[in-house]
Amino acid sequence: MRIAIVMSLMSPWCREVARQLKGAGLQVHLVNLKHEEHSSGYLDSSYGIQQASIVALTEIVDGVHFIRAPFGVKASYPLAAYRLRSEMQRIGAQLVLVLYAGWDSALVYLTGFRPYVVYTVGSDILLTNWCKRPVLRKVLKNAARVYANGSYLLSCAKELVPDVDIRMLLLGVDTSRFTPGEATPEPVRIICTRGFDRVYNNDCIIRALQYMSNEFSNFEMIFTSPGPLLESSKKLADEILSPNIRARIYFLGGVSSEKLIVLLRASHIYISMSISDGTSTSLLEALACGLFPILSDIPQNREWVSPEWRNGTLVPSGNPEVLATVLESRIRNIQEASTVVTYNRKLIIDRADSRRNMAILASDFESIIFETKR
């Protein structure tokens, strides 16, 4: 079976999907839509760090194709659709998978190529506006199948298009790579792997640190990712944090996939104050490594952390003072975090192992192609 995946090569989770589908026995061609007028995302600035992972993927898939058009000008969509359709025909694709139900999925719809499948992952459904919703409805109604990366996202997608067959299937993470490590007792390492973009709300974490007592000297706070708000967040930390606390905050500005795993396995606590999410791949990676999560109290995170399970803590995303109290308590009682390692990892193995879930997806593709030929 030969498929084309419309995706961003800069996205780690997209690359993981492609890698797993190739491992499931499919012929996989990657199609990267190049935005010449606008960046395709803050990850573009970290190309050098991600280059090795990108090259490794391109060496195992069956082809990598770039479609260029000035997407910032919507009038160019017919030209881009023509180029994309021509490329699909040249590849001989039997099915197109679009990883993200945004404007790229609209472009696939405009090509007239069928069948195509759309994977909804988060903001593409949760943060749509009056302009995008009618387009998205049209795109999803004409898709052969729509998948949702999480239960809450599934319910929101069904509200948008109630008559469309939408299936919940988690993208997941590779549990053979993301495994528990041996973190040293001190310092207590807190890690945030979310990008410095408004939706991820990393400034709330920085503001919380200013309320922590200066007596704390046995912790480190590590921010791994890049983003458009990185420099302003560094400036905020410089301005509001005491010298003792500021000295324990590290902004890495982007790390390789291999380095990310090393950092997660050496950490105790994972933190994310995101105001919106699908199912966060960053969270799944942390849970697979057995970390104790401190998360914003939003519906998506309640799928993974519950007071009944006692496997993490949910915090109002707009309350840095409460977050500071939670952090202080967890640092003082870090030995309790070790009790959730097995439980949190089992959650991922049972529900979000990418190898198993992408094998299910590959099998479903066969059914779709068979149905289309009938």
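Note that the coordinates shown come from a computational prediction; the quantities given were computed from them, not determined experimentally. (Residues numbered from 1 in each chain as written. Predicted model: local features only at pLDDT ≥ 70, side-chain atom pairs only at ≥ 80, totals over all residues. Heavy atoms only, no water.)

Peer 1: Please explain the overall build of the protein as it appears in this structure.
Peer 2: When its secondary structure is counted, the protein shows 15 helices and 13 strands. Relative to a compact globule of 374 residues, whose C-alpha radius of gyration would be 21 Å, the protein shows 21 Å and is just as compact. Structurally, the protein occupies a C-alpha span of about 70 × 40 × 40 Å along its principal axes. Here the protein, with 374 residues, has 52% of them falling under the buried criterion. (Helix = DSSP H or I, 4+ residues; strand = E, 2+ residues; numbered from the N terminus. Rg over C-alpha atoms; globule rule 2.2 N^0.38 Å. Buried < 20%, exposed > 50% of the residue type's maximum accessible area, 1.4 Å probe, protein only.)

Peer 1: Honestly, the pattern of salt bridges in this entry has me stumped. Any pointers?
Peer 2: Once their charged atoms are close, side chains differing in charge can pair, the charge on each being opposite to the other. Taken as a whole, this structure holds 18 salt bridges when the rule is applied. When the shortest N-O distance is used, the salt bridge between R145 and D364 registers 3.1 Å. One end of the pair, R145, is in strand β6 (residues 145–148); the other, D364, is in helix α15 (residues 354–373), and 219 residues separate them in sequence. Like R145, the residue D364 is buried in the burial classification. With a closest N to O distance of 2.7 Å, D238 and R246 form a salt bridge. (Salt bridge = Lys/Arg side-chain N within 4 Å of Asp/Glu carboxyl O.)

Peer 1: Which parts of the structure should I look at to understand the pairing of strand β1 (residues 2–6)?
Peer 2: Every other side chain in a regular strand lies on the same face of the sheet, so the side chains alternate between the two faces. Of all five residues in β1, four are buried; the element is thus mostly enclosed. Pairing of β1 with strand β4 (residues 95–99), which is carried by four bridges, proceeds in the parallel orientation. In the sheet register, I3 faces β4, and the bridge partner there is L95. (Pairing = 2+ DSSP bridges.)

Peer 1: What am I meant to see in the side chain of S280 here?
Peer 2: Inspection of the secondary structure assignment puts S280 in the loop between β11 (269–272) and α12 (281–288). Of the residues examined, S280 reaches a relative accessible area of 6% and is grouped as buried. With residues near it in sequence (within four places) discarded, S280 still touches R194 and Y270. (Contact = heavy atoms within 4.5 Å.)

Peer 1: How should helix α7 (residues 151–160) be read in this particular structure?
Peer 2: Since the α-helix advances by 3.6 residues per turn, residues separated by three or four positions end up pointing in the same direction. Along α7, the residues classified as buried are L153, L154, C156, A157 and L160. Along the long axis of α7, the arc covered by the buried residues comes to 165°, so they all point the same way. Contact partners of the buried residues in α7: β5 (116–120), α5 (123–126), α6 (132–141), β6 and β7 (166–168). (Arc of directions from axis to C-beta.)

Peer 1: Looking at this structure, I do not really get the packing of helix α8 (residues 202–209) against helix α9 (residues 230–240). What am I missing?
Peer 2: For any two helices packed against each other, one specifies the crossing angle of their axes together with the interaxial distance. Interhelical geometry of α8 versus α9 gives an angle of 10° and a closest axis separation of 10 Å. Taken together, the axes of α8 and α9 lie roughly parallel to each other. In this structure, the crossing between α8 and α9 has a hand that is right-handed. For the pair formed by α8 and α9, the contact residues are D203, I206 and R207 on the first element and S233, L236, A237 and I240 on the second. Grouping the constituent residues of the contact of α8 with α9 by class yields four nonpolar, one polar and two charged. (Axes fitted to C-alpha atoms, helices over the stretch in contact; angles between N-to-C directions. Parallel < 35°, antiparallel > 145°, perpendicular 65-115°, else oblique. Left-handed = near helix turned anticlockwise from the far one by under 90°. Nonpolar A, V, L, I, M, F, W, Y, C, P; charged D, E, K, R; others polar.)

Peer 1: Please clarify how the packing of aromatic side chains should be interpreted in this entry.
Peer 2: The relative placement of two aromatic rings is captured by the distance of their centres and the angle of their planes. Following the criterion strictly, the structure yields five aromatic pairs and no others. We note R330 situated over the ring of F292; from NZ or CZ to the ring centre the distance is 3.9 Å. Here the basic side chain of R351 rests over the ring of W304, its NZ or CZ set 3.8 Å away from the ring centre. (Phe/Tyr/Trp six-rings, centres within 6.5 Å; stacked < 30°, edge-to-face > 60°. Lys NZ or Arg CZ within 6 Å of the ring centre and 35° of its normal.)

Peer 1: Is there a simple way to explain the sheet that holds strand β8 (residues 188–192) in this structure?
Peer 2: Backbone-to-backbone hydrogen bonds join strands into a sheet, with any given pair of strands oriented parallel or antiparallel. The strand order across the open sheet built from six strands is β10-β9-β8-β11-β12-β13, with neighbouring strands paired in parallel fashion. Only two strands of the sheet have a single neighbouring strand rather than two, namely β10 (249–251) and β13 (313–315). On average, each strand axis in the sheet is tilted by 20° relative to the strand beside it, whichever way the strands run. Examined bridge by bridge, β11 and strand β12 (residues 292–296) share four bridges and lie parallel to one another.

Peer 1: Whenever I open this one, the environment of V108 confuses me. Can you help?
Peer 2: Relative to the assigned elements, V108 resides in helix α4 (residues 103–111). Given the relative accessible area of 2%, V108 is considered buried. A C-alpha to C-alpha distance of 17 Å links V108 and V64, two positions 44 residues apart in sequence. Ignoring any residue separated from it by four or fewer positions in sequence, one finds V108 in contact with V6, L84, V96, V98, F113, R114 and Y116.

Peer 1: Got a minute to help me understand the side chain of R15 in this structure?
Peer 2: Within the secondary structure, R15 sits in helix α1 (residues 12–23). Separated by 3.4 Å, the side chain of R15 and the backbone oxygen of M10 make a polar contact. With sequence-adjacent residues up to four places away left out, R15 is seen in contact with M7, L9, M10, Q50, S53, I54, L57 and S257. (Polar contact = N/O pair within 3.5 Å; in protein donor to acceptor, adjacent residues only side chain to side chain.)

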